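# Architecture and fold: a report
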Amino acid sequence: MGGIFGLDLAQLAADPTKLDVDTTLPPVRLRGRLERRQPDSYSGVLSAAVPATTVTAFGQLDLAAPGGPAFVALIGAAFPPPGLQLGLGFSLSGVGGVVGINKAVNQDALIAAIADGTAGELLFPPDPVAAARRVVPRLPALFPTAPGRAVVGPMFQVSWGGRMVSLSAAIVAELPDPVRLSLLGVLRVAVPDPAVPLIHLKATFAGQYDSAEPSALLMASLTGSHMAGVPLEGDVLLLSRGGPDPVFVLSAGGFHPAYPVPRGVPALHRLAMNLSPVPWIQLRCQAYFAITSNTLQFGARISLVAEIADCGLRGQFGLDVLIRREPTLSFTADMRGSLSVEVFGETLLGIAFALTLEGPAPWHAVGHGSIDLFLFSASFDFDERWGNPPPALPAEPADLRGRLEKAFARPEAWSAMPPGKGEYLPVLLSPAANRKIGEGSLVHPYGTIVARQRVLPFGVDIERYGPSVVDPAEKWDIGSSTLGGTDADDGPTMDPFAPGQFRRLSDDEQLTCPAYETYRSGRRFAGEISEPENDAFVRATLDWETRVVPEPRPQRPPDLLRFLRLAALADAEDVAVTTSVRHPRWWQTQLTLLVTDRTPIAAVSTWSMAPVETAAAPMSTDAELLRSCSRLAGVRAVEAWEVSN
């Protein structure tokens, strides 16, 4: 039976935690694997191949997850070439989707899967069962259990130029709030054809946007790529994050060795090429380029090993450059290199140096060098300067006052904030007033006005503004905050600023200084809402009289909605005139309440609650009316206020 359906029963008996399926039921071939990693946790892959398409599904199920069962599934259907034609050389090669309940997307695990190439095998793999050996164990880490969360999104594969360019991608939304969008994909370029590619580039990429932080990250990795037989590798990263720890980073291949890597940035592989023409010559090149909020940095490294029978050459050269833009365009380059001739493992001749070069004008070179011969060695230090300082780069004077005035003159610099939640408000506003407050044309009397700018920080010495030098340094601040001639200062506003945009940073500060620091950027305005003095109140005497209705019959108001509105206005008027605890209204100590001696009774229809005539006399007592109603079908006695008129 196991042979007929392709079930490996011998393996199942030996290992009850794993089940493989491989069967052909023309025209369908089924292949897959199901694994039980924990007593209530299952994961696996299933592939169904038919002549028109191949459907693949990766899945993971946890029955004992907190918050209820949790599962995630990635399902994709791939079409054979040439796919579904879309026009202009494009074709649809595959469609699918991702769905998960009580699941989330782990950014760190996603980046790790990009770095080792596992993420690319999640999307339309050519051999699903072989890919499952690497993909399935990673599913619990990529999609961890998160009670109450759900992941859902489409998958697609688009080709162009036949099979020359293909893009496989999945867009996954993590719901509900906070919403996170994740992007996972593989871009392949094979020229002239994937069967015999002269250039083969495979870039696996992933990204995530988090609306809660907020942050946006995009990372791509070259894995299994080559150009004319030369292997290529490396990582590219873009990260922009706000919140209490803001940062901006764009890097291809990593960072300067002295740069402290910000939180959330993984270790990046250098952009590398292996130029080894023959097995006994190893020539490898590495490079990086990075832009941060404070720095511009790049570097390279070349290593050479050419040996036969422990005899040959060994050498390397490294370069790390940090670029400055003020007061003139200049750079600092740390260079190091060595070259040696070895015979049977011993150094016959060697030379090495370490150099720090600053320039371009004036030039300054300082470093150390050494020479090793078979019989002796020598070392030397050097510190040389040459050239004349160049004229400063042309830059307009930094008009900080004008920039601040323009910033505060913009409408978006001003905003009206409503009162805080839960705050007691002795003012009731009309719907029209609330609508205008929402539009921003009016300000709530107990709200605040916020004025802020992001041109430069307040209370800090400004030594530069972008490419312009501020000499002497200027410090700006807000002198006073008034509304209608009255002090309305309600505290400062705080925003992040990049220190490298307004301070002169040394090389060490550029590398170690935080990407953003929080400074004062504006002011909050709040009107005077304190209680007025006693003489500001108008005193009045309120008189009223009490009347007793002999036989009250409460009537339903003809317009209930109008009555409720009048009652609300009356309540609002009472609140408005009694905002002070000194008002006499708060100190009323006598209240007279008169009630009638009995509750009136009326006869009504049990179907419509409308008054009906009975045999009882008009001036009959309640007891007589009750007895009369008890003898009539469809009639009952109720309190008079329940009667509809």
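Here's what I pulled together on the structure shown here.

## Observations concerning the overall build of the protein chain
- Secondary structure summary: the protein chain contains 10 helices and 32 strands in total.
- Taking all 645 residues of the protein chain together, 33% fall into the buried category.
- Taking all contacts inside the protein chain whose residues are at least 6 apart in sequence as the whole, residues at least 24 apart take part in 51%.

## Structural notes on the environment of arginine 627
- Along the chain, arginine 627 turns up in helix α10 (residues 622–630).
- When its relative accessible area of 46% is taken as the criterion, arginine 627 is described as partly exposed.
- Here the alpha-carbon distance between arginine 627 and alanine 637, two residues 10 residues apart in the chain, equals 9.3 Å.

## Things to note about the side chain of aspartate 62
- Along the chain, aspartate 62 falls in strand β4 (residues 54–62).
- Buried within the structure, aspartate 62 lacks any salt-bridge partner; lysine 103 is the closest side chain of opposite charge, at an N-O distance of 5.9 Å.
- Reaching out from aspartate 62, the side chain makes a polar contact with the backbone nitrogen of alanine 64 at a distance of 3.3 Å.
- With residues up to four places along the chain from it excluded, the contact list for aspartate 62 reads Asp40, Ser41, Pro69, Ala70 and Thr145.

## A few points about the pairing of strand β22 (residues 377–386)
- Two elements, strand β21 (residues 363–373) and β22, share 10 bridges in a ladder whose sense is antiparallel. Within the sheet, the bridge partner assigned to serine 370 lies in β22 and is serine 379.

## Considering the pairing of strand β3 (residues 41–49)
- Where strand β2 (residues 28–38) lies against β3, 9 bridges are found, and the strand directions are antiparallel. Along β3, the bridge assignment pairs glycine 32 with leucine 46.
- The turn joining β2 and β3, which pair antiparallel and follow one another in sequence, is formed by 2 residues.
- One ladder, built from 9 bridges, connects β3 with β4; its direction is antiparallel.

## Quick word on the pattern of salt bridges
- Summed over the entire model, instances satisfying the criterion amount to 15 salt bridges.
- The salt bridge partner of arginine 314 is glutamate 342, with a shortest N-O separation of 3.7 Å. Taken together, the residues span a long stretch of sequence, with arginine 314 in strand β18 (residues 311–324) and glutamate 342 in strand β19 (residues 330–343) at a distance of 28 residues.
- The partly exposed category is assigned to arginine 314, whose relative accessible area is 36%.
- Among the ionic contacts, a cluster of salt bridges with common partners joins Arg149, Glu174, Arg180 and Asp210.

## Quick look at the environment of valine 455
- Counting through the fold element by element, valine 455 comes out in the loop between β24 (448–452) and β25 (462–465).
- Residue valine 455 is classed as partly exposed on the basis of its relative accessible area of 22%.
- In sequence terms valine 455 and alanine 407 are 48 residues apart; their C-alpha atoms lie 7.1 Å from each other.
- Leaving out residues up to four positions away in the same chain, valine 455 has contacts with Arg403, Ala407, Tyr465 and Phe497.

Calculation criteria
Residues numbered from 1 in each chain as written. Predicted model: local features only at pLDDT ≥ 70, side-chain atom pairs only at ≥ 80, totals over all residues. Heavy atoms only, no water. Helix = DSSP H or I, 4+ residues; strand = E, 2+ residues; numbered from the N terminus. Buried < 20%, exposed > 50% of the residue type's maximum accessible area, 1.4 Å probe, protein only. Contact = heavy atoms within 4.5 Å. Lys, Arg positive; Asp, Glu negative; His and termini not counted. Salt bridge = Lys/Arg side-chain N within 4 Å of Asp/Glu carboxyl O. Polar contact = N/O pair within 3.5 Å; in protein donor to acceptor, adjacent residues only side chain to side chain. Pairing = 2+ DSSP bridges.

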